[in-house]
Amino acid sequence: MKFILTIVMCSYYQGACLTPFTFPTNYNSMYDCLLDGYQKSYDKIEEIGRKEINAHGIYLKFDCKPATNT
């Protein structure tokens, strides 16, 4: 079974989330998808930076779901 990763960026202060982004990669296992989800979330938080994260209450959430096109 293959899995797809979707990440959503939200603002706690605004009570809203952006449109979810689904990566084109199909992962061979839930484990691989989760590892990459945490890594991509971490990388995005670093890219956004401490100042913006704190100013806007930004947080990321992600999900790994079975791919339907495999």
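Residues numbered from 1 in each chain as written. Predicted model: local features only at pLDDT ≥ 70, side-chain atom pairs only at ≥ 80, totals over all residues. Heavy atoms only, no water.

**Some remarks on helix α1 (residues 30–48)**
Now for step 1: The end-to-end C-alpha distance of α1 is 27 Å, a good match for the 27 Å that 19 residues give at a rise of 1.5 Å each.
Now for step 2: All of the buried residues along α1 are C33, G37 and S41. One face of α1 carries all of its buried residues, which in axial projection span an arc of 70 degrees. Turned more than 90 degrees off the buried face of α1, the exposed positions are Y31, Y38, E46 and E47.
Now for step 3: At its buried positions, α1 is contacted by β1 (3–11) and β4 (58–66).
Now for step 4: Just beyond α1, the residue with positive phi is G49, at close to 95 degrees. (Helix = DSSP H or I, 4+ residues; strand = E, 2+ residues; numbered from the N terminus. Expected span 1.5 Å × (residues − 1). Buried < 20%, exposed > 50% of the residue type's maximum accessible area, 1.4 Å probe, protein only. Arc of directions from axis to C-beta. Contact = heavy atoms within 4.5 Å.)

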